[in-house]
Amino acid sequence: MSDFSEIDPSIAALLDNIEDETDTEPIKVPTGGRLSDNGSASSGKTETKPAFSASGAKSIHTVDLSVKEFEPVEKFTNDEPSKVFDDPGYYKSVLTGENSSAQRVHQVLSKYLTCQDPKDRAVYRQNIISAYWELLRGMAPKLANPNVPMPKKMMARFGILLPSLFRAEQKEFFSKIIVENKKYLPVMYLDEWLNEIASGRMNNSMTDEKRTPHKAASVEEAAMMEQSRLQQLQSKNSGKLQSAENLLNIKENERNTLERELQGMIEDLCQHNTAIGLEPHLCDYSETQLKLFAQISDRLHRLSKNNKELGKALAEYKDAKGIYENVENKLSAGGEAVVSVSANQDAINTEFDTIRQMAKMTVGRQGNQFPLFTREFFHCTERGTGTRENVVDLLRWVEERDPGAFCRVHKNIPNRIPPYVLLIPTYGDRGFCWEPFDRYNRVTSRGRIVVPMYPRDLKIAVLTAVADLRWQVAKEKASYYWMEEGLTGQYYQHIEHMKLKGDLKAYFIEDYVLWMTKESEGVQRLDKDVRGIFWRNMPFPEERKQELKKRSLVYQELCIKDQNRAMSDGY
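Residues numbered from 1 in each chain as written. Predicted model: local features only at pLDDT ≥ 70, side-chain atom pairs only at ≥ 80, totals over all residues. Heavy atoms only, no water.

Visitor: Pulling in residues and values, what's your account of the sheet that holds strand β1 (residues 187–189)?
Guide: Spatially, β1-β4-β6-β5 is the arrangement adopted by the 4 strands of the open sheet, whose pairing is mixed. The outermost strands of the open sheet, each flanked by one partner alone, are β1 and β5 (432–435). The average angle at which neighbouring strand axes cross in this sheet is 30 degrees, direction not considered. Two strands pair when backbone bridges link them, and strand β4 (residues 420–424) and strand β6 (residues 448–452) are joined in this way by 5 bridges, in the parallel orientation. Paired with V421 across the bridge in β6 is I449. Sheet strands in contact with helix α7 (residues 190–199) are β1, β4 and β6, and its direction is about 100 degrees off that of β1. Helix-sheet contacts for helix α11 (residues 388–401) involve β1, β4 and β6, and the interaxial angle to β1 is about 155 degrees. (Pairing = 2+ DSSP bridges. Helix = DSSP H or I, 4+ residues; strand = E, 2+ residues; numbered from the N terminus. Axes fitted to C-alpha atoms, helices over the stretch in contact; angles between N-to-C directions. Contact = heavy atoms within 4.5 Å.)

Visitor: Can you lay out the packing of helix α13 (residues 486–498) against helix α15 (residues 528–537) for me, pointing to particular residues and giving the numbers?
Guide: Taken N-terminus to C-terminus, the directions of α13 and α15 make an angle of 175 degrees; their axes are 10 Å apart at the nearest point. Judged by the inter-axis angle, α13 sits roughly antiparallel to α15. Residues G486, L487, Q490, Y491 and H494 of α13 touch α15, and the partners they reach there are D529, V530, I533, F534, R536 and N537. By residue class, the composition of the contact of α13 with α15 is 5 nonpolar, 4 polar and 2 charged. (Parallel < 35°, antiparallel > 145°, perpendicular 65-115°, else oblique. Nonpolar A, V, L, I, M, F, W, Y, C, P; charged D, E, K, R; others polar.)

Visitor: Give me the lowdown on the nonpolar core, citing residues and values where you can.
Guide: F174 and F534 are the most contacted members of the largest nonpolar core, which has 113 residues in total. Look past the residues within four positions of F534 in its chain and what remains in contact with it is L487, Y491, F508, D511, Y512, W515, L526 and P539. In this structure, L310, A320, Y324 and I413 belong to the second largest nonpolar core, which totals 10 residues. (Core = buried A, V, L, I, M, F, W, Y, C linked by side-chain atoms within 4.5 Å. Buried < 20%, exposed > 50% of the residue type's maximum accessible area, 1.4 Å probe, protein only.)

Visitor: Now, about the pairing of strand β2 (residues 407–410): what can you tell me, with residues and values included?
Guide: Inspection of the sheet shows β2 paired to strand β3 (residues 413–416) by 4 bridges, in the antiparallel sense. Within β3, the residue paired with H410 across the bridge is I413. The hairpin turn running from β2 into β3, its antiparallel successor, is 2 residues long, and K411 in that turn takes a positive phi close to 55 degrees.

Visitor: How would you summarise empty space enclosed by the protein if you had to cite specific residues and measurements?
Guide: Applying the stated criterion to the full structure yields 2 cavities of 30 Å³ or more. Here the largest cavity is characterised by a volume of approximately 100 Å³. As for the largest cavity, its lining consists of 16 residues, and the residues nearest its centre are W133, A359, P371, P425 and T426. Here the lining of the largest cavity gets 4 residues from one element, more than from any other, and that element is helix α10 (residues 341–363). Per-class residue counts for the lining of the largest cavity are 11 nonpolar, 3 polar and 2 charged. Space inside the second largest cavity adds up to approximately 60 Å³. Contributing elements (two or more residues each) for the lining of the second largest cavity: β2 and α12 (458–478). For the lining of the second largest cavity, the class distribution of residues is 8 nonpolar, 1 polar and 1 charged. (1 Å grid on protein atoms, 1.4 Å probe; cavity = no way out; pocket = protein on both sides within 12 Å on 5 of 7 lines; lining within 4 Å. Points joined across faces, edges and corners; volume = space filled by probe spheres on them.)

Visitor: Could you give an account of the pattern of salt bridges, naming the residues involved and the relevant values?
Guide: Should their charged atoms come close, side chains of opposite charge can pair. Under the defined criterion, the tally for this structure stands at 32 salt bridges. Shared partners join several salt bridges into a network, and the residues in it are E69, R396, E400, R401, E521 and R544. (Salt bridge = Lys/Arg side-chain N within 4 Å of Asp/Glu carboxyl O.)

Visitor: Just give me the short version of the side chain of H61, but keep the residues and values in it.
Guide: Examined against the element boundaries, H61 turns out to sit in the loop between α1 (9–16) and α2 (90–95). Separated by 2.7 Å, the side chains of H61 and Y420 make a polar contact. (Polar contact = N/O pair within 3.5 Å; in protein donor to acceptor, adjacent residues only side chain to side chain.)

Visitor: An account of the side chain of R401 is requested, with residue identities and associated values reported.
Guide: Tracing the chain through its elements places R401 in helix α11. The class for R401 is buried, based on a relative accessible area of 9%. Look past the residues within four positions of R401 in its chain and what remains in contact with it is M516, S520, E521, P539, F540, P541 and R544.

Visitor: Describe in detail the packing of helix α4 (residues 118–139) against helix α5 (residues 150–158), supporting the description with residues and values.
Guide: Contact geometry of α4 with α5 gives a least axis separation of 11 Å together with a crossing angle of 125 degrees. Taken together, the axis directions place α4 and α5 in an arrangement best described as oblique. Our pair here, α4 against α5, has a crossing hand that is left-handed. Contacts between α4 and α5 involve Y132, L135, L136 and M139 from the former and K152, M155 and A156 from the latter. (Left-handed = near helix turned anticlockwise from the far one by under 90°.)

Visitor: So what about the layout of surface pockets? Which residues, and what values?
Guide: One number sums up the size of the second largest pocket: a volume of about 930 Å³. Lining the second largest pocket are 30 residues, with C407, V409, R470, K477 and N537 positioned closest to its centre. For the lining of the second largest pocket, the secondary-structure elements that each account for two or more residues are β2, β3, α12, α13 and α15. With 7 residues, the single largest contributor to the lining of the second largest pocket is α12. Residues belonging to the lining of the second largest pocket are distributed by class as follows: 15 nonpolar, 6 polar and 9 charged.

Next comes the structure, spelled out in structure tokens:
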């Protein structure tokens with residue numbers, strides 16, 4: 001028997017209000033109005049919530065190259081539950097002010113919950129899927145309004161339309177989930193993602209469709225298009241500026257280290273003992289001091305080389321800073337671009353279509369496409385639910401075993417750039433990478449990965465997303481030679497040698513999951529060649545390598561090969 005056979009009395013009472021002849025009539029709401037046919041917000045205006053702190057110092061879009069890891073998660077949930085799901089008007093608050101799709105959702109859901117025939121329930125279940133996404137499409141532009149009712153946000157964020165579909169313990173858990181992104185992490189819920197797109201702080205996710213050139217129809221539109229072009233140029237130059245500054249800092253630190261070492265050696269060289277019996281004369285250089293001549297010469301040679309590299313880095317930083325400030329001045333001179341309602345709507349509609357495809361990809365063709373939260377399908381533990389804190393904790397776990405997971409190398413310098421993470425409330429099991437980096441800034445822009453919130457195993461969902469990101473970044477780095485060079489080239493040649501058929505990336509993702517969950521613990525599950533490829537291209541931290549070395553001769557041999565490569569000056 002279905003889990004809905006015992007419907008909460010409050011929901012039963014709500015459904016009793018539906019008349020048989022109300023298929024074309026609007027739903028009555030407590031405010032005395034009816035569901036809007038045009039889907040407009042009650043205020044008629046769209047406002048944006050700032051993504052910056054009060055001081056303006058932090059943003060989820062700022063990439064800080066000095067940060068080397070995710071901070072430990074101190075609190076996974078609030079101590080006290082919120083009251084949002086206790087509101088008796090929650091359901092009506094979600095549907096109020098929406099277009100005709102809200103009425104359709106109401107009608108189909110009521111039939112689905114009360115139907116006893118399994119065949120009819122299957123039909124209604126399919127109808128709910130299409131009706132829900134149309135409802136969310138109309139609601140999406142309003143999520144950028146800070147005054148939007150919390151129930152609407154919760155439906156977009158968690159898929160919760162009816163709180164009565166919770167079990168008691170599930171309701172308490174969701175009531176304690178931390179709503180705010182206090183640490184400005186690039187891990188966002190669906191409503192937050194749409195908010196950033198609507199406000200223009202994030203570009204639309206990349207698609208394969210070619211954009212047709214568009215000519216401005218008015219002076220205002222031309223000015224807005226120029227502002228958009230300058231913002232894209234600023235984003236690209238921002239990456240170059242950060243990379244140049246990072247390289248300059250490295251060279252300055254290298255010079256400081258060499259100078260300190262040289263200064264210490266000179267001081268040691270200038271220390272002389274008194275010649276016993278020949279006072280006040282001093283002894284000649286000792287054997288230890290004589291060895292300092294070669295070391296001092298080496299430091300001077302390295303300082304000379306460093307000086308050339310530092311001068312070049314300083315010039316690049318100066319040029320990058322000049323270009324960035326020039327673009328910034330043009331942006332300031334043009335004033336803030338006023339985003340038109342139509343442009344805002346177009347961006348939201350485009351992104352919404354992309355998100356719909358993302359949701360389907362997390363589930364797969366044979367998966368459960370049902371979009372609403374219900375105790376019938378939700379079987380996750382509290383730590384196995386894809387909340388922001390749980391996902392960040394797993395990303396931290398990934399970096400502990402694969403320090404280069406979020407690194408992109410530019411001019412032989414690894415830059416740690418965590419991707420944007422979109423948490424979608426689906427019952428999917430696999431995460432994936434939508435794009436490895438922004439097309440306008442390949443140096444320091446964030447990639448985009450998607451993680452389902454209600455999977456059977458959240459760790460596997462996160463790992464598949466990171467593996468996909470790993471693969472795409474390596475493939476883009478190798479460019480036309482991706483089947484010959486680097487991680488993708490070595491793996492491709494292995495698959496060809498094994499004469500395996502099928503999706504190459506799917507093989508890689510499965511092996512990466514085994515690499516992180518089994519091989520990192522010393523449990524051998526991979527082919528010998530694959531283990532060697534991963535060991536060289538996605539190495540574990542040195543401490544973990546030393547632990548594995550003690551467990552098996554297999555890992556001991558890999559460590560010996562590392563030493564041999566280091567002695568022969570590189571891989």
